[in-house]
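Tertiary structure, described
Now for the letters of each chain:
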Amino acid sequence: MSEISLAQQKFLHTQKKHRQIVTVSRLCIFVLFLGLWEGAARLGLIDSFFFSSPSGVVSCAYDMLIDHTLFAHVGITLFETIASFVLATALALLTTVILWLNKKISETLEPYLVILNSLPKSALAPLLIVWLGANYSTIIITGISVAIFGSILSLYTSFQSVDPEKIKLIQTLGGKKYHILSKVVLPANIPSLFAVMKVNIGLCLVGVIIGEFISSRQGLGYLIIYGSQVFKLDWVIMSIAILCLLAWGLYSLLSCLEKRYLKRMS
């Protein structure tokens, strides 16, 4: 037992050291990038008017924090992203269940789902704004449109790949399709659902920014498009940096929820 315990301790120590090395390496790359960017701007190797600098971006963010406009822009984009993410995931799951329950519907709709998934969603955004008006709902629907069709196709493929032996067992015991769905298909596809959700959160953010580019007067997408038009490139780069942080934060939150679920199930 002592030898096994020592081996386990050594393995855990190795894993911990590996994670520390990866974390420090990531931080070093990030700090090096910021340092080179700031140094190049100060030395005149790049034009700070066009490329800005870390200090310029921080100064811009500080000014917008003081007048409370940054919170408003970030909050609106975050709200639209979360709303479109929740609705896209729920609608995708509901649609997938309907397709799985009725093979005729799934075979009929499959080519349309493939076409809609392949269609560039930036082409749909102007039409949605003309049809529905320039408001928050339209931007949320734009975010949903980017994520939902691919999610349906991915989830339906996962539903179809469930172990057929487990389905036969439920059928042998007299179970109906509802029992197969609730006892086998849905539980088996929780990992796939988390995978889809982690992809969706980024896609919904992209869709929301596309919508804000075209119609919004608030949000990070508006700051990017307006800043580029009036050559306030500090706004543009600051907004892009905040979008990266939002995407990373939301993805990390979903990853944390997934780990907690898998730990609870193990």
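Residues numbered from 1 in each chain as written. Predicted model: local features only at pLDDT ≥ 70, side-chain atom pairs only at ≥ 80, totals over all residues. Heavy atoms only, no water.

1. A word on the overall build of the protein
From N to C terminus, the protein includes 12 helices and 0 strands. The secondary structure elements of the protein, listed N-terminal to C-terminal, are α-α-α-α-α-α-α-α-α-α-α-α. Compactness check: the protein gives a C-alpha radius of gyration of 24 Å against a globular reference of 18 Å for 266 residues, more than 25% above the reference. Its C-alpha atoms give the protein principal-axis dimensions of about 75 × 70 × 30 Å. In the protein, buried positions account for 36% of the 266 residues. Here the analysis covers contacts within the protein between residues at least 6 apart in sequence; of these, 71% occur between residues at least 24 apart. Accessible area for the protein stands at about 16,700 Å²; split by element, carbon and sulfur atoms hold 70% of it. The centroid of the 21 positive side-chain charges in the protein is displaced by 12 Å from the centroid of its 13 negative side-chain charges. (Helix = DSSP H or I, 4+ residues; strand = E, 2+ residues; numbered from the N terminus. Rg over C-alpha atoms; globule rule 2.2 N^0.38 Å. Buried < 20%, exposed > 50% of the residue type's maximum accessible area, 1.4 Å probe, protein only. Contact = heavy atoms within 4.5 Å. Areas by Shrake-Rupley, 256 points an atom, 1.4 Å probe, with all protein chains shown as cover. Lys, Arg positive; Asp, Glu negative; His and termini not counted. Charge placed at Lys NZ, Arg CZ, Asp CG, Glu CD.)

2. Digging into the packing of helix α10 (residues 190-214) against helix α11 (residues 220-229)
Running from amino to carboxyl end, α10 crosses α11 at an angle of 50 degrees, the nearest separation of the two axes being 7 Å. In terms of their interaxial angle, α10 and α11 are classed as oblique. Where α10 crosses over α11, the handedness of that crossing is right-handed. Packed against α10, whose contacting residues are Ile 209, Glu 212 and Phe 213, the element α11 presents Leu 220, Gly 221, Tyr 222, Ile 224 and Ile 225 at the interface. Across the contact of α10 with α11, the residue classes break down as 6 nonpolar, 1 polar and 1 charged. (Axes fitted to C-alpha atoms, helices over the stretch in contact; angles between N-to-C directions. Parallel < 35°, antiparallel > 145°, perpendicular 65-115°, else oblique. Left-handed = near helix turned anticlockwise from the far one by under 90°. Nonpolar A, V, L, I, M, F, W, Y, C, P; charged D, E, K, R; others polar.)

3. Points about the packing of aromatic side chains
Counted by the stated rule, this structure contains 6 aromatic pairs. Ring geometry for Phe 49 against Phe 50: centres 5.1 Å apart, planes inclined by 85 degrees, an arrangement best described as edge-to-face. Among the aromatic side chains, those forming a connected cluster through ring pairs are Phe 49, Phe 50 and Phe 231. One residue, Lys 177, lies across the ring of Trp 100, its end atom 5.2 Å from the ring centre. (Phe/Tyr/Trp six-rings, centres within 6.5 Å; stacked < 30°, edge-to-face > 60°. Lys NZ or Arg CZ within 6 Å of the ring centre and 35° of its normal.)

4. Quick notes on the packing of α10 against helix α12 (residues 233-265)
It is at 10 Å that the axes of α10 and α12 come closest, and there the two elements cross at 165 degrees. Considered as vectors, α10 and α12 are oriented roughly antiparallel to each other. Here the hand of the crossing between α10 and α12 comes out right-handed. Along the contact surface, α10 presents Ile 190, Pro 191, Phe 194, Met 197, Lys 198, Ile 201, Leu 205 and Ile 209, while α12 presents Leu 243, Ala 247, Leu 250, Tyr 251, Leu 254, Ser 255, Leu 257, Glu 258 and Tyr 261.

5. Focus on the side chain of Ser 158
Residue position: Ser 158 is located in helix α7 (residues 136-160). Residue classification places Ser 158 among the buried residues on the basis of a relative accessible area of 15%.

6. So, the nonpolar core
The nonpolar side chains of soluble globular proteins are, as a tendency, buried together. Counting 32 residues, the largest nonpolar core has Trp 100 and Val 185 as its most contacted members. Residue assignment for this core shows that the elements contributing at least two residues are α4 (69-101), α7, α8 (164-172), α9 (177-188), α10 and α12. Looking at this core, the element that brings in the most residues is α7, giving 9 residues. Not counting residues within four places of it along the chain, the set of residues in contact with Trp 100 comprises Tyr 156, Phe 159, Gln 160, Lys 177, Ile 180, Leu 181 and Val 185. By size, the runner-up hydrophobic cluster in this structure holds 18 residues, among which are Trp 37, Ala 61, Ile 242 and Leu 243. (Core = buried A, V, L, I, M, F, W, Y, C linked by side-chain atoms within 4.5 Å.)

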